[in-house]
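Residue-level structural notes
This is what each chain is made of:
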Amino acid sequence: MKKIRQFIFIIFISTFLIACGQQNPGTAAYVGNYRITEDELSFYLKDLRSVVPIENNDQGTSQSRGVLARLIIGQIITQAIAETGAVVDQSLVAKDYENLEKQSGGSDALAIFAGSRNVPPVLIKEVLSQNRAIDAIGKVLSPDSPLETQRLKGEEFVILKANQNNVKINPRFGTWVSADGSIAPPANELSEPAFGSPENFTPGR
C-alpha cells in the first residue's frame, strides 16, 4: 500500500511539473509561433513610464494592454510585409519623424506626446515605419489605385492577417480583439491566473 501511495505521489508531482512547464511562464503573448515575453513587454513599459509615469493600477493595466497590442500588430505587419513583398521607404519614415518632432516642439515633447498614446519613445520610429508599411502593402495589392485606397487595402490586409494569425494572449493581460487589433481587459483582473493553462495558452492551437 505504501508503494502504491509513493507511486501515485510521483505521478502527481511529474504531472504537476509537466503542466507548469507547458504554461510558458514569462510569456505575454504568441503570434502564431512567435513569442513575446513578459521581459520584452516590461522593457517597453519601463521606457513608456519614463515619460508618462504610472498613476494608478487601472492606468498601468491600460498601458500594458496598449503596448502589448502594438507589439502584436508590429509582428503581424512584419509577416504581411514578408508575404506581399512590400518595401518600406525608410527615407519617408525619417521625414515623418522629423515633421512630427517639429510639430511636437522637440524630441522631449514628442516622447511625451507618444507616451500619452501608449507608444514607448523607443518605438516611435517603428510605429511610423509600420504606418508606411501599410501604405506599401496597399500599393502592392492595388498598384493603380489612389493613395487613400491603397492605405485602406493595406489596413484591410493587416486586419485579415490579424484574424488569420493564432494570437494567444496571457489571460492576465486580457483578450485579443482581432477586429481592431486591440486587447480587451480581463473579465476579472484580480482573479485571472498569472499564466494560461496548457489548453488555452500554447502556440499553434
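The structure we're discussing is the one just above.
Residues numbered from 1 in each chain as written. Predicted model: local features only at pLDDT ≥ 70, side-chain atom pairs only at ≥ 80, totals over all residues. Heavy atoms only, no water.

1. Quick word on the overall build of the protein chain
Stated formally: Elements are defined by DSSP. Helices are runs of H or I of four residues or more, strands are runs of E of two residues or more, and each kind is numbered from the N terminus. Residue burial is assigned from relative accessible area. The probe radius is 1.4 Å, only protein chains are included, and a residue is buried under 20% of its type maximum, exposed over 50%, and partly exposed in between. Whether two residues touch is decided by their heavy atoms; if any such pair falls within 4.5 Å, the residues are in contact. Only the protein chains shown count as cover for residues, with accessible areas throughout obtained via the Shrake-Rupley method and a probe of 1.4 Å.
Helix and strand counts for the protein chain come out as seven helices and five strands. N-terminal to C-terminal, the α/β element order of the protein chain is α-β-β-α-α-α-α-α-α-β-β-β. Expressed as a percentage of its 205 residues, the buried residues of the protein chain come to 39%. Of the contacts formed within the protein chain by residues at least 6 apart in sequence, a portion of 63% connects residues at least 24 apart. Working note: accessible area of the protein chain is about 11900 Å², and carbon and sulfur atoms make up 56% of it.

2. Some thoughts on the sheet that holds strand β2 (residues 34–37)
Applicable threshold: We treat two strands as partners when DSSP finds at least two bridges between them. For every element, the axis is a line fit to its C-alpha atoms; helices are fit only across the contacting stretch, and the angle between N-to-C directions ranges from 0 to 180 degrees.
Spatial ordering of the open sheet is given by β2-β1-β3, a layout of three strands whose pairing is antiparallel. Every other strand in the sheet has two partners, leaving β2 and β3 (167–169) as the edge strands with one partner each. On average, each strand axis in the sheet is inclined to that of its neighbour by 15°, with strand direction left out of account. Looking at chain direction, strand β1 (residues 27–31) and β2 are connected through four bridges and run antiparallel. Following the sheet pairing, Thr27 is matched in β2 by Thr37. Of the strands in this sheet, β1 and β2 are in contact with helix α2 (residues 38–49), which crosses β2 at around 50°.

3. Structural notes on helix α7 (residues 147–164)
Quick note on the threshold: One fewer than the residue count of a helix, multiplied by 1.5 Å, yields its expected span. The arc refers to the directions leading from the helix axis to the C-beta atoms.
Here α7 contains 18 residues, and its C-alpha end-to-end distance of 26 Å stays within 8% of the 26 Å for a straight helix at 1.5 Å per residue. Here α7 has its buried residues at Gln150, Gly154, Phe157, Val158, Lys161 and Ala162. Relative to the axis of α7, the buried residues are bounded by an arc of 145° and lie together on one face.

4. Focus on the pattern of salt bridges
For the record, the criterion: Take a side-chain nitrogen of Lys or Arg and a carboxyl oxygen of Asp or Glu: if they are within 4 Å of each other, that pair is a salt bridge.
Counted according to the given criterion, the structure contains six salt bridges. Note that Glu83 and Lys161 form a salt bridge whose closest N and O atoms lie 2.5 Å from each other. Residue Glu83 is found in helix α3 (residues 57–84), and its partner Lys161 is found in helix α7; the two are separated by 78 residues along the sequence. Between Glu98 and Lys102 there is a salt bridge whose closest N-O contact spans 3.5 Å. With Glu98 and Lys102 both in helix α4 (residues 90–104), this residue pair falls four residues apart, about one helical turn. With a relative accessible area of 61%, Lys102 lands in the exposed category.

5. Focus on the packing of aromatic side chains
This is how it is decided: By convention, a stacked pair of Phe, Tyr or Trp rings (six-membered ring in the case of Trp) has centres within 6.5 Å and planes under 30 degrees apart, an edge-to-face pair has planes over 60 apart, and any other such pair is tilted. Placement of a positive charge over a ring is assigned whenever Lys NZ or Arg CZ falls within 6 Å of the ring centre and within 35 degrees of the normal to the ring plane.
Within this structure, the stated rule accounts for one aromatic pair. Here Phe43 and Tyr44 contribute two aromatic rings whose centre-to-centre distance is 5.1 Å and whose plane-to-plane angle is 75°, an arrangement assigned as edge-to-face. Accessibility expressed as a relative area gives 16% for Tyr44, which makes it buried. When the ring centre of Tyr97 is taken as reference, the NZ or CZ atom of Lys125 above it lies at 4.8 Å.

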